Each structure stands twice: as structure tokens, then as C-alpha cells.
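Geometric and topological summary
Residues per chain are reported as follows:
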Amino acid sequence: MTSEIVKRSYVVGQAEIPARPLDPALYLVATPIGNLGDITLRALETLAAADIVACEDTRVSRVLLDRYGIRRRTTAYHEHNAGEAGPKLIAALQAGQSVALISDAGTPLVSDPGYRLVGEALDSGIRVVPIPGPSAPLAALTASGLPSDAFMFAGFLPVKTGQRQTRLEALKAVPATLIFFESPRRLAETLVGMVEALGGDRKAAIGRELTKTFEEMRTGTLQTLADHYAAVDTPKGEIVICVAPAEARADQPADIDRLLLSLAAEMPASKAAAEAAKMTGGQKQALYRRLLELKDAEDGGDATSER
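This report concerns the structure included in the present document. (Residues numbered from 1 in each chain as written. Predicted model: local features only at pLDDT ≥ 70, side-chain atom pairs only at ≥ 80, totals over all residues. Heavy atoms only, no water.)

**Digging into the overall build of the protein chain**
- The secondary structure content of the protein chain amounts to twelve helices and twelve strands.
- Across the 307 residues in the protein chain, those meeting the buried criterion constitute 43%.
- Looking at the protein chain alone, contacts between residues at least 24 apart form 68% of all its contacts between residues at least 6 apart.
- Only carbon and sulfur atoms are counted for the fraction: they give 52% of the accessible area of the protein chain, which is about 16,300 Å². (Helix = DSSP H or I, 4+ residues; strand = E, 2+ residues; numbered from the N terminus. Buried < 20%, exposed > 50% of the residue type's maximum accessible area, 1.4 Å probe, protein only. Contact = heavy atoms within 4.5 Å. Areas by Shrake-Rupley, 256 points an atom, 1.4 Å probe, with all protein chains shown as cover.)

Structure below.
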């Protein structure tokens, strides 16, 4: 028993710290996206105390665990074995064990199959506990200089050109900063597609190798970024693309109508008009009257003014 307690520990600097016992639950543990110093103390304690550590790639995760003296056995859980490994993890949880789920880097469930395991756990009445920490989309967003009051993580775009362009067209009018993951091999081609679908004058930022030795944030318009990456060698490392929301203009009434209706679906009409005024530079009262007209038309002429 004593040796088992000693093993459930982690090392920070020269100090070996015993990990407190965990309640049975599925713990979603965020891990560094590059710099191993970005791990949280709570994450270390959770990984050291868990009965099972489920990893996207056990070899990648072993580097992190060894760095902090965590001697827990690991098991693989990834896209290709989720159908087989998932039920085993659920069975362990139902038997009263604790499971820590980690990805190769960042927050689990962001562009990985962990959401299936979480869904199965919740359906089985198992507690799910998030252990927050590093996230590549948020790291890129905060360093991009683009609006952060509303943003949408869109993951990886389709590889095929036609499907990618269809997806970009669907995202074109979203009134929020768009965040994408992309392969360095496809970056130049994707930026060209973004120029075609979203417009070359949109502000954007490319985050590469965030938190690592050769970290880079490059900002500009989509056109200038597309020109740059078309002229240089294929970049290396992990890529995050942030694209500013479209700017609605007074000479685009159809776009403003869509914006008003989109905002009104989530908030009162007066607040929707105020938000639209901030985003378009238009006058709140005029936008409010236009929104009431649109809602009146939707309701067949029965809409009443909001008081």
C-alpha cells in the first residue's frame, strides 16, 4: 500500500508532491500545446492520482509525464480505436475507477474524438470533470489583435476544394472572429480559398508553433497573408488561422437585415439593434425600426413594438 501511495505523486523542481485521491469520474485534462511549463498544478495532481490515463498517443504523453515524474500507466484512446477502447474506459468508470483523458496537446475534445467518450459517460450517469488549461485556439485569438467578444472555432476545413469553399461560404456572414486549424501543407491553398470566399480585405492572423521555440504570429489582410505564404517555402509546425468578422456596410442592406435577425434570435430587439449599431456604424434607432419591420414581416404583420 505504501509503495502505491508513493507512485501517485508528481515532481515540481526538486519537490516530490503526493497526489490526493480522486473521486471516480472522467477528468478532461488540458495539457501544454508546446511549452511543457504551461501545465497546471491541478492537471499534474489529476494525472498522478488517476487510476487510468487515456492518451491520444501514449508516446507523446509519456514525454510530459516523465518531465514531471508521473509514473502512471497509460492506455491509448484515439480516433482509430475509440469504438474498442471507449467501452473499456466506461466499464472502468462504472467500476468506480477514475480516468484522466488527455490529447497530444491542448484541451481534450477540441478536434479529437473525446466528445464520444464524454457523451457515453454522461449517458451512463458518470460524472465528467473539466481540468482547464492550454488551448491553441484561445492562445491564437488573444494574440491576433482581432475581436474577441464573439468567436467561432471552426476546426479543420474540408480537404477537397469544392467542399472547403462551400464551408467558407456558409461561414462568411457569421458575426464573429473565425478560428481554424490547418495543415502547413495546405495553408497557402486555404488562404487563397479564403480570399475568394471571404474577401481579401478581411483582417486575419496566422499563429504558428504557439508557445514553442519558433513561435510566430503573422497578421495582415487575407490577401497579404495569401501572397506571403504563396511566395515562401511550406511552413513547419502547428497552424491556427484567425479571421476577423465581416464588416457590415450601410450599402449592403441585405447583409444588415441578416445580421439584425441573427442577433435578435439571441437577445431582445433593442439590444440587438444596439449591437448591430456597434458592428455596422449605423444608427441604433434606425436599425431598431428596421428590425421591427423585419419581425413584423416574419409574423405576418402581427408583431408589436418591444417596450
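Next, the rest of the story.
**Thoughts on the pairing of strand E6 (residues 99-102)**
- Burial along E6 is two-sided: Val99 and Leu101 and Ala100 and Ile102, pointing in opposite directions, are all buried.
- Note that strand E4 (residues 52-55) and E6 share four bridges and pair parallel. Across the sheet, the residue bridging to Ala54 is Leu101, located in E6. (Pairing = 2+ DSSP bridges.)

**As for the pairing of strand E2 (residues 15-18)**
- As paired strands, strand E1 (residues 9-12) and E2 are joined by four bridges and run antiparallel to one another. Each residue of the ladder has a partner; that of Val11, found in E2, is Glu16.
- What sits between the antiparallel neighbours E1 and E2 is a turn of two residues, in which Gly13 has the positive phi angle 65 degrees.

**A closer look at the pattern of salt bridges**
- Scanning the model with the defined rule gives 14 salt bridges in all.
- Among the ionic pairs, Arg59 bridges to Asp57, the shortest N-O distance being 3.0 Å.
- Between Arg62 and Asp66 there is a salt bridge, and its shortest N-O distance comes to 3.3 Å. Pair noted here: Arg62 and Asp66 are both in helix H3 (residues 58-67), with a separation of four residues, about one helical turn.
- Taking relative accessible area as the criterion, Asp66 reaches 38% and is therefore assigned partly exposed. (Salt bridge = Lys/Arg side-chain N within 4 Å of Asp/Glu carboxyl O.)

**Quick notes on the nonpolar core**
- Counting 22 residues, the largest nonpolar core has Val29, Leu47 and Ile70 as the members making the most contacts within it.
- Listing elements by their share of this core, those giving two or more residues are strand E3 (26-29), helix H2 (41-49), E4, H3, E6 and strand E7 (128-131).
- Every residue in contact with Val29, bar those within four places of it in the chain, is listed here: Ala43, Thr46, Leu47, Ala100, Leu101, Ile102, Gly106, Pro108 and Ile131.
- Leu168, Phe180, Leu191 and Ile241 belong to the second largest nonpolar core, which has 21 residues in total. (Core = buried A, V, L, I, M, F, W, Y, C linked by side-chain atoms within 4.5 Å.)

**Considerations on helix H4 (residues 82-94)**
- Its 13 residues give H4 an end-to-end C-alpha distance of 17 Å, which sits within 8% of 18 Å, the value for a rise of 1.5 Å per residue.
- What H4 keeps buried is the set Ala82, Ala85, Gly86, Leu89, Ile90, Ala92 and Leu93. End-on, the buried residues of H4 take up no more than an arc of 160 degrees, which puts them together on one face. In H4, the exposed positions that point more than 90 degrees away from the buried face belong to Gly83, Glu84, Lys88 and Gln94.
- Taken together, the buried residues of H4 touch E3, E4, strand E5 (74-76), E6 and helix H5 (114-123).
- After H4 finishes, the residue Gly96 shows a positive phi value of roughly 95 degrees. (Expected span 1.5 Å × (residues − 1). Arc of directions from axis to C-beta.)

Fair warning: the whole summary comes from geometry, so function is off the table for now.
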